[in-house]
Amino acid sequence: EPGTFDWSPFIQHVCKIEGRGEPWQEKERRLRGRLRRILPIDVHRPDPLGSPLCPPADALLSAFCLEAVSPDRATFARALGHVGSLLRPGGHAVLLGALGESFYLAGAARLPVVPLAEDDVRGALAGAGFVLRRFCSYAMPPALRTGVDDVDGVFFAHAQKPMEA
Ligand SMILES: C[S@@+](CC[C@H](N)C(=O)[O-])C[C@H]1O[C@@H](n2cnc3c(N)ncnc32)[C@H](O)[C@@H]1O
């Protein structure tokens, strides 16, 4: 819609790195066609959507949310368990997040973040019953340290809920 956030540079970049020559407008059209609903969520509730997801989700993607809304590591780990409960057995979670970050600026607001180490993320995933499939991270290069936060690095985790026995 006019005046809203323009996602097209991101979709163009994804098409470029995928390298399949797909026109970005086509990917945008397909993505839009697959979006069914936008639901409010509170990751601090054991039932984050307010009612169970039927059927449970195949996949969950969370980017820079759980650590940004949790005052401490225990709350982060609990929140991960809450959103993990939305997944079906065998479902996949892809998490991206900040390492070692204590705040970020959103306009005039200075918002607190729980500073996480890699092992905090691994431990929280294990505690929430996930099997870790892949974990990687990078240190924030000096050129990207712009002062809007004090992040040390970024992690990417792919984890899976075990199939039911
Ligand atoms: C640092 S932003 C990340 C936004 C986006 N995912 C990104 O990567 O740019 C943190 C987000 O968490 C959302 N948030 C705040 N409290 C929340 C809660 N209790 N449950 C779920 N999301 C929450 C905020 O609205 C905000 O969009």
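What counts and what doesn't
Residues numbered from 1 in each chain as written. Predicted model: local features only at pLDDT ≥ 70, side-chain atom pairs only at ≥ 80, totals over all residues. Heavy atoms only, no water. Core = buried A, V, L, I, M, F, W, Y, C linked by side-chain atoms within 4.5 Å. Buried < 20%, exposed > 50% of the residue type's maximum accessible area, 1.4 Å probe, protein only. Helix = DSSP H or I, 4+ residues; strand = E, 2+ residues; numbered from the N terminus. Contact = heavy atoms within 4.5 Å. Phe/Tyr/Trp six-rings, centres within 6.5 Å; stacked < 30°, edge-to-face > 60°. Lys NZ or Arg CZ within 6 Å of the ring centre and 35° of its normal. Near = heavy atom within 4 Å. Polar contact = N/O pair within 3.5 Å; in protein donor to acceptor, adjacent residues only side chain to side chain. Areas by Shrake-Rupley, 256 points an atom, 1.4 Å probe, with all protein chains shown as cover. Nonpolar A, V, L, I, M, F, W, Y, C, P; charged D, E, K, R; others polar. Arc of directions from axis to C-beta. Pairing = 2+ DSSP bridges.

**Q** Give me the nonpolar core: which residues, what numbers.
**A** Counting residues in each nonpolar core, the largest one holds 23 residues, and the members touching the most others are L66, L80, V121, L125, F130 and F155. Elements supplying a minimum of two residues to this core: β1 (57-63), α3 (73-84), β2 (87-99), α4 (118-127) and β6 (153-160). Contact partners of F155, with chain neighbours within four places excluded, come to L95, L96, G97, A98, L99, L116, V121, F135, C136 and S137.

**Q** Mind laying out the packing of aromatic side chains, listing which residues take part and the relevant values?
**A** Tallied over the entire structure, the rule returns five aromatic pairs. Aromatic pair F5 and F10: ring centres 5.9 Å apart, planes at 35 degrees, arrangement tilted. Assessed through its relative accessible area of 54%, F5 is described here as exposed. For the ring pair F135 and F155, a centre distance of 6.1 Å and an interplane angle of 5 degrees mean the geometry is stacked. Note that F135 is positioned in strand β5 (residues 131-139) and F155 in strand β6, a separation of 20 residues in sequence. Three or more aromatic residues joined by ring pairs make a cluster, and in this case those are F5, W7 and F10. The residue whose ring lies beneath R110 is F103, and the NZ or CZ to ring-centre distance is 4.0 Å. For R122, the ring lying beneath its charged end belongs to F135, and the centroid distance is 4.3 Å.

**Q** With reference to specific residues and values, describe the site of the ligand.
**A** All residues in the neighbourhood of the ligand are listed as I41, D42, V43, H44, A63, F64, C65, A68, V69 and Y104. In the model, a nitrogen atom of the ligand is placed 2.8 Å from a nitrogen or oxygen of the A63 main chain. When the ligand is considered free in solution it has 590 Å² of accessible area, and contact with the protein chains removes 51% of it. Here the residues of the shell around the ligand sort into eight nonpolar, one polar and one charged.

**Q** So what's going on with α4? Which residues, and what values?
**A** Within the span of α4, buried status applies to D120, V121, A124 and L125. End-on view of α4: buried residues confined to an arc of 130 degrees, all on one side of the axis. For α4, the exposed residues set more than 90 degrees away from the buried face come down to D119, A126 and G127. Where α4 is buried, its residues meet α3, β2, β5 and β6. With its phi angle positive at about 85 degrees, G129 sits one or two positions after the end of α4.

**Q** Give me the pairing of β6: which residues, what numbers.
**A** Among the eight residues that make up β6, six are buried, leaving the element largely enclosed by the rest of the structure. Where β2 and β6 come together, eight bridges link them in antiparallel fashion. Within the sheet, the bridge partner assigned to G97 lies in β6 and is F155. Pairing geometry for β5 and β6, over eight bridges, is antiparallel. Paired with R134 across the two strands is H158, which belongs to β6.

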